[in-house]
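Below are the chains, spelled out letter by letter.
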Amino acid sequence: MSGSEMNVVRRSSPAAAGYDHHWFPYTPLPQRPVKPFGQAGLALSVIIDVRAAEWEDPLPAVEVPGGRGQAPYPDYPRMSHREFGHRAGLFRLAGILRKAGVPWAAAVDVLTAEHYPRVLSLLQEEASEILAGGLSGSRAITSRMSEPEEEHYIAQTLERLESALGTRPQGWMSPQGSQSFRTPAILARHGVGYMADWANDEQPYAVTGADGQATGAGGLWSLPVSWELSDAASMFVRGVGPAAYVRAVFDAVDVLAEDSNRSPRTLCLHLHPWISGEPFRARAIRELVAQLASHPGVWWAPPGVIVERGRSAQR
């Protein structure tokens, strides 16, 4: 590609308003039909990220978050920081949610499901839903994979999680939101009902193919998950303090609850036990969940229920 071509925005084919990809059309929220999800108020969901990072690979495709700064491989501070979630943080976070009486879901990888029996039993006892979270927290999906490699990755994840859990997950959440250009189509081919990787809306929506038809059996949907309000993006990456984080979530909930009087809205919070399960953050998280549990403009549901409500509203 020559220098004169690098900054050219090419005409998409076929020409259409909005995006230069075919997964879904550009549909501004104000132009959508106002169809309630079957319950008034803001639909609120929590996904706890329960994924383990492997020690063996010195060059992961996507850098594994954790720790402060980087050290030469093996990076013990970073990896042990991640391990805190499976050893202590998850149990503290689950206790907070249990006491508040709110449902929560978990995104789980194969590494956790097959190697951490105490964690798995907790999730099976208390999580309202379990999403497929890949092979491990440090094995991302990338466009460097061939299509057969990615197909194998997704098939192995679903099959091995089904074996460990006794049921096949209907939701998918890639490690660190990683995808290739093929991922939605492959997920649909394997019967996944929805993915929770994109943060581009306030309502669940259908993921469509190039022909405008829903992909896969029953159609693949996307559940938007807030990146700005994930504890990783706010408290870990940007260094937002626990109290400021709680205020930001409250502000978002108040605005979305008011907006939900005009059209359905959803907010999905993505929390990590190695971040929100830390003792110096626990009090703020406890207060956040307790107050949201009694918020008059909110109804709680697992992510799969919210997606199904959205799917039913568009039939």
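Refer to the structure above for everything that follows.
Residues numbered from 1 in each chain as written. Predicted model: local features only at pLDDT ≥ 70, side-chain atom pairs only at ≥ 80, totals over all residues. Heavy atoms only, no water.

(A) The arrangement of the overall build of the chain in detail. Helices and strands together make up the secondary structure of the chain, namely 10 helices and nine strands. Within the chain, the proportion of its 315 residues that are buried is 52%. Surface accessibility of the chain: about 15300 Å² in total, with carbon and sulfur atoms responsible for 53%. (Helix = DSSP H or I, 4+ residues; strand = E, 2+ residues; numbered from the N terminus. Buried < 20%, exposed > 50% of the residue type's maximum accessible area, 1.4 Å probe, protein only. Areas by Shrake-Rupley, 256 points an atom, 1.4 Å probe, with all protein chains shown as cover.)

(B) A look at helix 9 (residues 279-293). Here helix 9 is 15 residues long and its end C-alpha atoms lie 21 Å apart, about the 21 Å a rise of 1.5 Å per residue gives. For helix 9, the full list of buried residues reads R281, A282, A284, I285, L288, V289 and L292. On its buried face, helix 9 is in contact with strand 1 (42-50), helix 1 (76-100), helix 6 (231-237), helix 7 (242-259), helix 8 (273-276) and strand 9 (298-300). (Expected span 1.5 Å × (residues − 1). Contact = heavy atoms within 4.5 Å.)

(C) Just the pattern of salt bridges, in detail. The tally for this structure, following the rule as stated, stands at 14 salt bridges. A salt bridge links R168 to E162; the shortest N-O distance between them is 3.1 Å. A salt bridge links E202 to R265; its shortest N-O distance comes to 2.7 Å. Note that E202 is positioned in the loop between strand 5 (194-195) and strand 6 (205-206) and R265 in the loop between helix 7 and strand 8 (266-271), a separation of 63 residues in sequence. Classification of E202 by relative accessible area gives partly exposed; the value is 29%. Put simply, E202, D259, R262 and R265 are held in one network by salt bridges that share partners. (Salt bridge = Lys/Arg side-chain N within 4 Å of Asp/Glu carboxyl O.)

(D) Here's a closer look at the nonpolar core. Grouped together as the largest cluster of nonpolar side chains are 67 residues, with contacts concentrated most on I48, W104 and W172. If one sorts the elements of this core by residue count, helix 7 sits on top with seven residues. For W104, the residues in contact, after removing those within four places along its chain, are V46, I48, A94, L97, L123, E126, A127, S128 and E129. The next biggest cluster of nonpolar side chains, apart from the first, holds 17 residues, and it includes A105, A107, Y194 and A196. (Core = buried A, V, L, I, M, F, W, Y, C linked by side-chain atoms within 4.5 Å.)

(E) View of unusual backbone geometry. The backbone of Q176 sits at a positive phi, close to 55°, despite the residue not being glycine. With respect to the helices and strands, the residue Q176 is situated in the loop between strand 4 (171-172) and helix 5 (183-189). The exposure class assigned to Q176 is partly exposed, which follows from its relative accessible area of 40%.

By themselves, these are just geometric observations and shouldn't be taken as functional.
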